[in-house]
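# Breakdown of the fold
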Amino acid sequence: MAAVSDKAIVLAVERFFKRPEIYGNLAFLNNRLPGSADIVVAGGAIRNVIIDVVHGDAPPTRDVDLFIGGLDPGFCLSDTFEDQAVEPVALKGLRWYPVSSGLAYDLCLLPDFLVIDTCHLEPTMDNLLNGIDFTVNAILYDYRRNTLIEKGCTAAVTDRMIDLNSSFIPDKRLIAYLARQNRRS
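All of these numbers come straight from a predicted model, not from anything done at the bench. (Residues numbered from 1 in each chain as written. Predicted model: local features only at pLDDT ≥ 70, side-chain atom pairs only at ≥ 80, totals over all residues. Heavy atoms only, no water.)

### Details of helix 1 (residues 7-18)
End to end, helix 1 covers 16 Å across 12 residues, agreeing with the expected 16 Å (1.5 Å per residue, within 8%). Buried within helix 1 are the following residues: I9, A12, V13, F16 and F17. Buried positions in helix 1, seen along its axis, are confined to an arc of 135° and lie on one side of it. Relative to its buried face, helix 1 has exposed residues pointing more than 90 degrees away, namely K7, R15 and K18. Where helix 1 is buried, its residues contact helix 2 (20-32), strand 2 (38-42), helix 3 (44-55), strand 7 (139-142), strand 8 (147-150) and helix 7 (153-159). The N-cap residue of helix 1 is D6: its side-chain oxygen and the backbone nitrogen of A8 are 2.9 Å apart. (Helix = DSSP H or I, 4+ residues; strand = E, 2+ residues; numbered from the N terminus. Expected span 1.5 Å × (residues − 1). Buried < 20%, exposed > 50% of the residue type's maximum accessible area, 1.4 Å probe, protein only. Arc of directions from axis to C-beta. Contact = heavy atoms within 4.5 Å. Polar contact = N/O pair within 3.5 Å; in protein donor to acceptor, adjacent residues only side chain to side chain.)

### Comments concerning helix 3
Over its 12 residues, helix 3 extends 15 Å from the first C-alpha to the last, a length consistent with the 16 Å expected when each residue adds 1.5 Å. Looking only at helix 3, the buried set comprises G44, A45, I46, R47, N48, V49, I50 and I51. Two residues or fewer past helix 3, G56 is found with a positive phi of approximately 85°.

What follows is the structure in structure tokens.
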């Protein structure tokens, strides 16, 4: 795990998260959660920003994947969003459709992340990063700390190489499902 040091990438990611519809929705989420919450964006949205910086053209971003840690066991995410448009997602968590955005937000409590839950790992950001499916998605933006860390994402995007990032992926059907989901984001 390493901090992203490429200034062009860091600035582009910062610009993405300062877009009013992104910033406003993350601020809304931040205000709804306890102060102990860690809010981390992972994967596809950040990957697409990097693709745009490195190659000049990226697929459209349709959703933002958010992982929330630092909460008490038993915290009920759906209670936090009872007045919002949400639906359950296949791999636990909620898909949130904020009124003010054309993007959906996939929210998952860190302990419920499939790899962390299935492999009985500590719900840490290191384990999240190590549990992400492919190298091109192995990047995290910590909202509250404004930090960007990765595990080979920028090199994978630059080299146009998709490799498995995690040795924890439990079965081949899940890999196929994740690959299909990645083509959509």
